[in-house]
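Results of the structural survey
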Amino acid sequence: TAQIAPEGIRKFDPNESFLLHREKIEQVYREAIREQTGRDVGKVEVRDRAVPQVAYDFTVSAPKSVSIAMAQGGQVEKDLRECHAKAVDATLKYLETYIDAQKKVNGVVTRERTGNMVCGRFTHEVNRNQEPNLHDHLVIFNRTKCADGRERAIDNRSLVENKYHFDLVYKTELAKLAQEKGYEVKADHQKGTFELKGISREMIETFSSRRMEIVRKIEGWGKDPSQA
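Residues numbered from 1 in each chain as written. Predicted model: local features only at pLDDT ≥ 70, side-chain atom pairs only at ≥ 80, totals over all residues. Heavy atoms only, no water.

1. Observations regarding helix H7 (residues 209–220)
With 12 residues, H7 should reach 16 Å at 1.5 Å per residue; the first-to-last C-alpha distance of 16 Å fits that figure. Positioned one or two residues after H7, Gly222 has a phi angle of 80°, which is positive. (Helix = DSSP H or I, 4+ residues; strand = E, 2+ residues; numbered from the N terminus. Expected span 1.5 Å × (residues − 1).)

The following block contains the structure:
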């Protein structure tokens, strides 16, 4: 039964937090087996089994100055929400062109560029510390339709290899749209991002406690955060 989903399977790590929800995970696995084989295998132990990878989560985040400015409300908020939404739309259309299917032909795993995806989109406005942080989670389902009409699992190598590329597409589009609305931006070409003019570095750092937590963690490992 461990081989019922040879495409896109993953192993559970005993240290992963979702093992706290073992009963729900086991139920999902039993239903997957029943759907594909028509059999009820009874109890399933998730620690030593594989289950289908359901989806991939890509996150696109606005520069901190955009999130801070948007929090002012009024026309500024309306403008920046619109710019963000359109920039995410453009990123999704571009990202979709990189969708590959994972195929097995005569025992050999190959890839087919399909350009088809189903994606759930969830907009959040704060980080875990409840600071301004406009971002979208792009949850790409692990199924894509191939040229022969069959749906197959996604081969995510192209997505992972180009994740920073997709982020650049988003930020470039967001900067362009913001400028079209009359907002001035200051580009950081080395980091591939920008900030809105008028929002000070001090204010950005004040609302970036999550970033500082990450920096301190990396420094605790004896590494340089700028190189990690």
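Next, the rest of the story.
2. A few points about the packing of helix H3 (residues 74–96) against helix H5 (residues 163–180)
What describes two packed helices is the angle between their axes and the distance between those same axes. Taken N-terminus to C-terminus, the directions of H3 and H5 make an angle of 145°; their axes are 8 Å apart at the nearest point. You can see that H3 and H5 cross each other, and the crossing is right-handed. Residues Cys83, His84, Lys86, Ala87, Val88, Ala90, Thr91, Tyr94 and Leu95 of H3 form the contact with H5, whose own contacting residues are His165, Phe166, Val169, Tyr170, Glu173, Leu174, Leu177 and Ala178. A breakdown of the residues in the contact of H3 with H5 according to their chemical character gives 12 nonpolar, three polar and two charged. (Axes fitted to C-alpha atoms, helices over the stretch in contact; angles between N-to-C directions. Left-handed = near helix turned anticlockwise from the far one by under 90°. Contact = heavy atoms within 4.5 Å. Nonpolar A, V, L, I, M, F, W, Y, C, P; charged D, E, K, R; others polar.)

3. Details of H3
Given a rise of 1.5 Å per residue, 23 residues ought to cover 33 Å, and the 34 Å separating the end C-alpha atoms of H3 matches this to within 8%. Among all positions in H3, only Asp79, Leu80, Cys83, His84, Ala87, Val88, Thr91, Leu92 and Leu95 are buried. (Buried < 20%, exposed > 50% of the residue type's maximum accessible area, 1.4 Å probe, protein only.)

4. A few points about unusual backbone geometry
One non-glycine residue with positive phi stands out, namely Asn106, at about 55°. Take Asn106: it is sitting in the loop between strand S4 (100–105) and strand S5 (108–113). Positive phi values are uncommon outside glycine, yet Gln130 reaches one of about 65°. Note that Gln130 resides in the loop between strand S6 (119–126) and strand S7 (132–141). Assessed through its relative accessible area of 59%, Gln130 is described here as exposed.

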